[in-house]
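Take a look at the letters that make up each chain.
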Amino acid sequence: MVDQPAYLRNLKAYAKSKVGLDEDAIGFANTIFSESHRGAIILAATMVEDALQSAIIKRFPTLQVDEAAARQVFEIDGPMAAFSRRTLIAYGLGIIDKEYRNLIDLIREIRN
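Residues numbered from 1 in each chain as written. Predicted model: local features only at pLDDT ≥ 70, side-chain atom pairs only at ≥ 80, totals over all residues. Heavy atoms only, no water.

Q: Please explain a nonpolar patch on the surface as it appears in this structure.
A: A surface patch of nonpolar side chains, about 200 Å² in accessible area, is lined by Phe60, Ile89 and Leu93. Tracing the backbone through its elements, the reader meets Phe60 in the loop between α3 (37-59) and α4 (61-65). (Patch = residues over 30% accessible without salt bridge, like charges linked within 9 Å, V, L, I, M, F, W, Y side chains within 5 Å. Areas by Shrake-Rupley, 256 points an atom, 1.4 Å probe, with all protein chains shown as cover. Salt bridge = Lys/Arg side-chain N within 4 Å of Asp/Glu carboxyl O. Helix = DSSP H or I, 4+ residues; strand = E, 2+ residues; numbered from the N terminus.)

Spelled out as structure tokens, the structure:
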């Protein structure tokens with residue numbers, strides 16, 4: 001088996017320390033880290049984007065009940081369609097701290 005690069009090991013350790021991961025999340029993490037480097041970063045970035053979207057929606061009660069409005073906000077031409085915008089909004093709302101924002105930006109840059 002090939003060793004994981006240090007940045008993946010460190011990101012995995014950091015995520016576990018910040019969030020209480022249940023067995024499903026650990027299984028998903030193991031799936032990510034069994035992928036190629038490119039596949040792992042694409043899966044990780046998608047997971048982070050989805051988590052940011054869910055956390056942002058929780059802060060906007062109208063988006064919780066109006067799925068059409070939520071789609072408009074987060075899809076193609078929406079104000080929060082881009083990963084970078086979701087990250088910035090999550091940071092601005094206090095959902096993530098500066099250190100986590102930097103890590104998410106790193107994931108996005110690696111993915112791109």
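Q: What is the right way to look at the environment of Gly39 in this model?
A: When you line up the elements, Gly39 lands in helix α3. Along the backbone, Gly39 and Arg111 are 72 residues apart, and their C-alpha atoms lie at a distance of 9.3 Å.

Q: I tried to follow helix α5 (residues 67-74) on my own but got confused; where do I start?
A: An α-helix turns once per 3.6 residues; consequently, residues spaced three or four apart project the same way. Those residues of α5 that sit buried are Ala69, Ala70, Val73 and Phe74. Seen from one end, α5 has its buried residues packed into an arc of 120°, which puts them on one side. Counted as exposed and oriented over 90 degrees from the buried face of α5: Glu67 and Gln72. Where α5 is buried, its residues contact α3, α4 and α6 (83-92). (Buried < 20%, exposed > 50% of the residue type's maximum accessible area, 1.4 Å probe, protein only. Arc of directions from axis to C-beta. Contact = heavy atoms within 4.5 Å.)

Q: Sorry if this is basic, but what is going on with the pattern of salt bridges here?
A: A side chain of one charge can pair with a side chain of the opposite charge when the charged atoms of the two come close. Considering all chains together, one arrives at 3 salt bridges under this definition. Across the salt bridge formed by Glu49 and Arg111, the nearest N and O atoms sit 3.3 Å from each other. One end of the pair, Glu49, is in helix α3; the other, Arg111, is in helix α7 (residues 98-111), with 62 residues separating them in the sequence. Residue Glu49 is classed as buried on the basis of its relative accessible area, which comes to 15%. A cluster of three or more residues bridged by salt bridges with shared partners is formed by Arg101, Asp105 and Arg108.

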